[in-house]
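Chain by chain, the residues:
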Amino acid sequence: MDAAGSDGHQDNDVQSIDTVKGNTVKNTKKVLLATLAAGSMLALAACSGNAAGGEGGSDGGLIGVAMPTKSSERWIQDGDAVKEQLEEQGFKVDLQYAEDDIPTQVSQIENMITKGAEALIIASIDGTTLTQVLQDAADADIPVIAYDRLIRDSENVDYYASFDNYVVGVQQATSLLYGLGLTDLEGAEAADAPAGPFNIELFAGSPDDNNATFFWNGAIDTLQPYIDAGTLVVKSGQTDFEQAAILRWDGEVAQERMENILTSTYSDGSTVNAVLSPYDGLSRGIISALTDAGYSVGEGWPIISGQDAELDSVKAINSGEQFATIFKDTRELAAVAVDMASAILNGEEPEVNNTKDYDNGVKTVPSYLLESQIVVKDNITETLVDTGYWTEEEING
């Protein structure tokens, strides 16, 4: 489906995991004793292998895990979490990073298939470029789980594990509105909201990442009433996704675009009051552009959003450079993907909670969507430290 069609209200018709019950064998004739004993051993082995909760992997089967890049801190955390949890369940893991090079990722997946991987967990670089290699996986009866980024244009995507990406976009926009004093952190309109107008500039994620459109649509749907009312003004006039998109989520490209906007639009002495940024790496590039243009942290410094709670950006929130980020707990996402793989290989049906919103152009992919949280300076300890994601020493170091 077109991402713009999502209203952010997800279908919670969770599919239950079937419980596998072993057959009880009654020993009635001595002449059948040996046969029955052997049958009982096989039944016990089958029950053990199919225990609910994913006690599978005891056969040491290989799972291929393809991640896009190590240039982003979050993907390193994702890869480590998936690998650790798979190994805890007894699987062998082939974890590969493609450094945002599409042919490299395709080659890595091909090698996983050749090595005999029993399942693939893939966070794609470009979700439209894996059709043939996924057909190779299907021909080898290898199930595929799309990890965080939906893989498009292929019928050979079995499940999708991610966050509610439309809601993530809503949260990004809400953090800006909150920072400007227009709403509270839940999005409710502030009683003493300022009239504005506030100058805002918009950034979007990589156009080859399906999530980027969900983030954008959630954010724009939230900001549009304030733009229509004149409370928010996109002074550059760059309001289309194509104008705002940053290929490969590249922070340097975001910095260059922000520099160009400041030069072309704000050289008249006006200032930018807020910047919608869908990812921490872009936020840091935007911050660099603002600093180079003479902006100083303090009064008049723009409200800047983000996503992924990367350590450098959490530090930037603490120092006042970045106003907010969105915390998506990669440990929870890894657990969902691992449980999906384990269930499939144990002959069970993985748990999903959305069966209508993630159409990859060929099929609607059964999905499990997790919740995310807005992080601002006042709740860093509650959301990130108390949950064990970062330590006080790491944040303040």
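Residues numbered from 1 in each chain as written. Predicted model: local features only at pLDDT ≥ 70, side-chain atom pairs only at ≥ 80, totals over all residues. Heavy atoms only, no water.

The name given to the protein in an unreviewed UniProt entry is Sugar ABC transporter substrate-binding protein, and the organism recorded there is Agromyces neolithicus. On record in UniProt, under Subcellular location (unreviewed entry), the comment for the protein is "Cell envelope". (UniProt positions renumbered as here; feature names shortened; annotations may be inferred.)

A. Here's a closer look at the pairing of strand β4 (residues 144-147). Here β4 shows a buried face lined by V144 and A146 and a second buried face lined by I145 and Y147. In this fold, the crossover linking strand β3 (residues 119-122) to β4 by way of helix α4 (residues 131-139) has right-handed handedness. In this structure, β4 lies alongside strand β5 (residues 159-163), joined through 3 bridges in parallel fashion. Paired with A146 across the two strands is Y160, which belongs to β5. (Buried < 20%, exposed > 50% of the residue type's maximum accessible area, 1.4 Å probe, protein only. Helix = DSSP H or I, 4+ residues; strand = E, 2+ residues; numbered from the N terminus. Right-handed = clockwise from strand over helix to strand, strands pointing away. Pairing = 2+ DSSP bridges.)

B. Looking closely at the environment of A244. With respect to the helices, strands and loops of the structure, A244 is situated in helix α7 (residues 241-244). Using a relative accessible area of 0% as the deciding quantity, one classes A244 as buried. If we ignore the near neighbours within four places in the chain, the residues touching A244 are L202, F203, A204, W216 and R257. (Contact = heavy atoms within 4.5 Å.)

C. Quick peek at the sheet that holds strand β6 (residues 198-202). Read across the open sheet, the 4 strands follow the order β7-β6-β8-β9; overall the sheet is parallel. In this open sheet, the two edge strands, each paired with only one partner strand, are β7 (232-233) and β9 (303-304). The sheet contact formed by β6 and β7 spans 2 bridges and is parallel. Pairing of N199 across the sheet is with V233, part of β7. Sheet contacts for helix α5 (residues 165-179): β6, β7, β8 (274-276) and β9; angle to β8, the most-contacted strand, approximately 175 degrees. (Axes fitted to C-alpha atoms, helices over the stretch in contact; angles between N-to-C directions.)

D. Examining a negative patch on the surface more closely. A cluster of acidic residues, E382, D386, E392, E393 and E394, forms a negative patch at the surface. The leading source of residues in the negative patch is helix α13 (residues 392-396), at 3 residues. Checked against the element boundaries, E394 lands in helix α13. (Patch = residues over 30% accessible without salt bridge, like charges linked within 9 Å, V, L, I, M, F, W, Y side chains within 5 Å. Areas by Shrake-Rupley, 256 points an atom, 1.4 Å probe, with all protein chains shown as cover. Salt bridge = Lys/Arg side-chain N within 4 Å of Asp/Glu carboxyl O. Lys, Arg positive; Asp, Glu negative; His and termini not counted. Charge placed at Lys NZ, Arg CZ, Asp CG, Glu CD.)

E. Structural view of the sheet that holds β4. In space, the 6 strands of this open sheet follow the order β2-β1-β3-β4-β5-β11, with parallel pairing throughout. A strand with exactly one partner marks an edge of an open sheet, and here the two such strands are β2 (92-97) and β11 (367-370). The mean angle between the axes of side-by-side strands here comes to 15 degrees, regardless of whether they run parallel or antiparallel.

F. Fine view of the environment of E259. As for its placement among the helices and strands, E259 is situated in helix α8 (residues 251-265). In this structure E259 comes out as partly exposed when scored by relative accessible area, which is 30%. In sequence terms E259 and D292 are 33 residues apart; their C-alpha atoms lie 8.5 Å from each other. Setting aside chain neighbours within four positions, we find E259 in contact with A289 and D292.

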